[in-house]
Amino acid sequence: MKPAHHRLLTPWGESLDVENPLPEYPRPQLRRDSYVNLNGRWDYAFRIAATEPKDWDGRIVVPFSPESLLSGVNRQLQPGEYLHYRRSFPRPAVGSGERVILHFGAVDQWCRVRVNGHVVGENRGGYLPFFFDVTEHLREGDNDLHVVVTDPSDTGPGSRGKQRLQPGGIWYTAQSGIWQTVWLERVPAAHITSLTIDPALDQVSVTVRMSNAVAACQVEVLAGAAVVARGSGQPGTPIRIVVPDPRVWSPEDPFLYGLRITAGDDVVDSYVGLRTFGVAPDARGIPRLHLNGRPYFHAGVLDQGYWSDGLYTAASDEALVYDIATMKDLGFTMLRKHIKVEPLRWYYHCDRLGMLVWQDMVNGGGTYRRRVVEVPAVTPLRLKDRRYRLFARTDAQARAQWVGELRRTIDLLRNCTSIAVWVPFNEGWGQFDANAVARDVERLDPSRQVDHASGWHDQGGGDFHSLHVYFRPFRVPRRPDPRVLALTEYGGYSLHLKDHSTSDTEFGYRRFGSVALLADAFRTLHTDQILPAVRRGLSATVYTQLSDVEDETNGLLTYDRRVVKIPAAEVRAVIDRLRLSE
């Protein structure tokens, strides 16, 4: 079965090098010199069995899911089917004692990996990276790599985001399989496995974790090529380094210091931005978001991270940069990454370009009850989320898996300078025990704020009174709340441009027939509703949305990223007023 979308390429998809797609180093905050990219053409086959097939259906371009145009396959993996991948690679030149690690950026949703016929491991969960030490299974010459995948999508309880096998409206084409970079690296036997980087305004603390013990670790802080500070300490213990004449990070000045970490024979490069996030009352006692000890308005856009040609996977690094840089040019200071975990390079570009990020966790659970997740849009109904059946969360094992994925997501992304807020749940989708989850997030990362239940079914926890308003005028609530007031979804104004859409259906919360009408409505919405609210305590906004996605034609950009629907100067003039009116 083919996914239900038309052929619509982005500019970067048009120029895709199918033999060498996405060649950049995929992990910017832990870089080594050894790196072999395994993206490109692989063999593939759809089968009803998990055993490796004897013949193959054709060639697929990794790391694009088979449902996407850029994969060259354009076929939906169905529940109960298996998708097989195969390629060979030469054995890396390995020195004495060195290991070879095979990395996968993300594979949706379950996979088993074999090297030369040996099972090296399995992974469950479609959004986080994983790796296997394959050293003992390598041979001289070519080595065979086989990956088998299955994905129940929205028929199972696993995390799935906005994916649906029957897409429509706010739900999008389900995608499966390998959708981030596959790569190899060589490491010493005793090597750095992870870093925890905790910045302040004048110092940074670095905790180095190792695969095997070493005597000590050294950390250098660099401004450009110059070493400006040094520190050393034991693995597993924070190494605190004071930075002289510090240059703090902000969207207006996104300066990043380099980090070089040496531990035994292992040397890795990383980076850090010196900054702090917080909440403090203004002169009238209203809680406001702070950046580096000062009030800072988060003017944001909802960012789904879908592409007309690659679905979850952008065609190139330049495509990732385009979205971030264009939103910054429109005046926005924040992107809410909606129900998706991006490749690490996306966060790196937010760090270096200066774009705050609110990071959603990826929702899961059973089939959502429409009345539970939709009625709060038009009524004051708020349900207690310990009622697991109402929220399609009766599966205790699936709840535990989701909590584990939340913790792994924070571990993966906590070093990213730009991430300001964690968002565990959205609009009741697979929500459960949100207050306990918020406390868990605060314990794992006390340096950031938590929006525990974005939009609906507020449980009173976290740092935000978080509202979604589409169907009525927005007004500041009369009832006082000690938390920060945030309008975390609003707008959704639609302009359907037929030549730049994959759907004949138009979905949006208000529809307009021309650029002029859309621009006027955008300006009026902010002048009449949002600006007065900022003066009365609103501290963050998230406009829906960055780009069109399939039926949803309410983006500031078209799905193929070829048209900015409202002239940049007009959007910027509106958003600048928000930022200056606090």
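Everything in this summary refers to the structure shown in the same document. Remember, it's a predicted structure, so these values are computed and weren't measured experimentally.

1. A short note on the overall build of the protein chain
Along the protein chain, the regular secondary structure elements total eight helices and 36 strands. Its C-alpha atoms give the protein chain a radius of gyration of 24 Å, within 12% of the compact-globule value 25 Å for 582 residues. In terms of principal-axis extent, the alpha carbons of the protein chain reach across some 70 × 60 × 45 Å. Counting across all 582 residues of the protein chain, residues that qualify as buried make up 60%. Partitioning the intrachain contacts of the protein chain with sequence separation of at least 6 by distance along the chain shows that 68% fall at a separation of at least 24. With the model as given, the accessible surface of the protein chain reaches about 22,200 Å², and the carbon-plus-sulfur share is 49%. Computing the positive centroid from 70 side-chain charges and the negative centroid from 69, the protein chain places the two 5 Å apart.

2. Concerning the sheet that holds strand β21 (residues 266–272)
Ordered in space as β18-β17-β20-β21, the four strands form an open sheet in which the pairing is antiparallel. Where the open sheet ends on each side, the last strands, each with one partner, are β18 (226–233) and β21. Taking each pair of neighbouring strands and ignoring which way they run, the sheet shows an average axis angle of 20 degrees.

3. Things to note about the nonpolar core
Core analysis: the largest hydrophobic core is formed by 93 residues, its most contacted members being Met327 and Leu556. At nine residues, helix α7 (residues 515–535) tops the list of elements feeding residues into this core. Grouped together as the second largest cluster of nonpolar side chains are 29 residues, Trp42, Val107, Val134 and Leu138 included.

4. Points about the packing of helix α5 (residues 396–413) against helix α6 (residues 434–444)
Their axes nearest at 11 Å, the elements α5 and α6 cross at an angle of 30 degrees. Taken together, α5 and α6 sit at an angle that is classed as roughly parallel. Crossing angle aside, the handedness with which α5 passes α6 is right-handed. Where α5 approaches α6, its residues Trp402, Val403, Leu406, Arg407 and Ile410 are matched on the opposing element by Val437, Asp440, Val441, Arg443 and Leu444. Residues that form the contact of α5 with α6 fall into these classes: seven nonpolar, no polar and three charged.

5. Focus: the environment of Ala521
Among the structural elements, Ala521 can be located in helix α7. Taking the C-alpha atoms as reference points, Ala521 and Gly491, 30 residues apart in sequence, are found 9.7 Å from one another. Residues within four places of Ala521 in sequence aside, it is in contact with Tyr493 and Phe512.

6. Focus: the pairing of strand β5 (residues 99–104)
Most of β5 sits out of view: five of its six residues are buried. When β5 meets strand β14 (residues 182–187), the two strands line up antiparallel, connected through six bridges. Within β14, the position partnered with Arg99 by the bridge is Val187.

7. A closer look at the sheet that holds strand β4 (residues 82–90)
The strand order β3-β2-β4-β10-β7-β8 describes an open sheet built from six strands, whose pairing is antiparallel. Strands at the two margins of the open sheet, each flanked by one partner only, are β3 (58–62) and β8 (118–124). Taken pair by pair, the neighbouring strands of this sheet meet at an average axis angle of 30 degrees, ignoring direction. Judged from the five bridges that link them, strand β2 (residues 40–47) and β3 form a sheet pairing that is antiparallel. Considered in β3, the bridge of Gly40 is made with Val62.

8. Some remarks on the packing of aromatic side chains
The tally for this structure, following the rule as stated, stands at 30 aromatic pairs. Seen from their ring centres, Trp12 and Trp307 are 6.2 Å apart, and the 90 degrees between their planes marks the pair as edge-to-face. Placement of Trp12 in helix α1 (residues 11–14) and of Trp307 in the loop between β25 (298–303) and α2 (317–329) is noted, with a sequence separation of 295 residues between them. Each member of the pair, Trp12 together with Trp307, is buried. Clustering of aromatic rings is evident, with ring pairs tying together Tyr127, Tyr172, Trp179, Tyr306 and Tyr312. Its end group placed over the ring of Phe46, Arg75 keeps NZ or CZ at 4.0 Å from the ring centre. Lying over the aromatic face of Tyr493, Arg510 brings its terminal NZ or CZ to 5.4 Å of the ring centre.

9. Some points on the pattern of salt bridges
Following the criterion strictly, the structure yields 41 salt bridges and no others. Taking the shortest distance from any N to any O, the salt bridge between Arg32 and Asp266 comes out at 2.7 Å. You can see Arg32 sitting in the loop between α1 and β1 (36–37) and its partner Asp266 sitting in strand β21, a full 234 residues away along the chain. Note on accessibility: Arg32 and Asp266 belong to one class, buried. One salt bridge connects Glu342 with Lys337, and the closest N-O pair in it is separated by 2.7 Å. Considered together, Glu342 and Lys337 belong to a single accessibility category, that of buried residues. Beyond isolated ion pairs, a larger network of salt bridges with shared partners links Arg27, Arg32, Glu185 and Asp266.

10. Description of unusual backbone geometry
Omega for the peptide link from Asp108 to Gln109 comes to 10 degrees, which places this bond in the cis form. Within the secondary structure, Gln109 is located in the loop between β6 (107–108) and β7 (110–115). Across the junction of Thr544 and Gln545, the peptide omega takes the value 5 degrees, indicating a cis bond. Residue position: Gln545 is located in the loop between β36 (538–544) and α8 (568–580). Despite not being glycine, Leu311 shows a phi value in the positive range, around 55 degrees. Along the chain, Leu311 falls in the loop between β25 and α2. You can call Leu311 buried: its relative accessible area is 1%. With a phi angle near 45 degrees, Asp433 is a residue other than glycine that sits in the positive phi range. Within the secondary structure, Asp433 sits in the loop between β29 (425–426) and α6. Note on Asp433: relative accessible area 25%, which makes it partly exposed.

The rules behind each value
Residues numbered from 1 in each chain as written. Predicted model: local features only at pLDDT ≥ 70, side-chain atom pairs only at ≥ 80, totals over all residues. Heavy atoms only, no water. Helix = DSSP H or I, 4+ residues; strand = E, 2+ residues; numbered from the N terminus. Rg over C-alpha atoms; globule rule 2.2 N^0.38 Å. Buried < 20%, exposed > 50% of the residue type's maximum accessible area, 1.4 Å probe, protein only. Contact = heavy atoms within 4.5 Å. Areas by Shrake-Rupley, 256 points an atom, 1.4 Å probe, with all protein chains shown as cover. Lys, Arg positive; Asp, Glu negative; His and termini not counted. Charge placed at Lys NZ, Arg CZ, Asp CG, Glu CD. Pairing = 2+ DSSP bridges. Axes fitted to C-alpha atoms, helices over the stretch in contact; angles between N-to-C directions. Core = buried A, V, L, I, M, F, W, Y, C linked by side-chain atoms within 4.5 Å. Parallel < 35°, antiparallel > 145°, perpendicular 65-115°, else oblique. Left-handed = near helix turned anticlockwise from the far one by under 90°. Nonpolar A, V, L, I, M, F, W, Y, C, P; charged D, E, K, R; others polar. Phe/Tyr/Trp six-rings, centres within 6.5 Å; stacked < 30°, edge-to-face > 60°. Lys NZ or Arg CZ within 6 Å of the ring centre and 35° of its normal. Salt bridge = Lys/Arg side-chain N within 4 Å of Asp/Glu carboxyl O.

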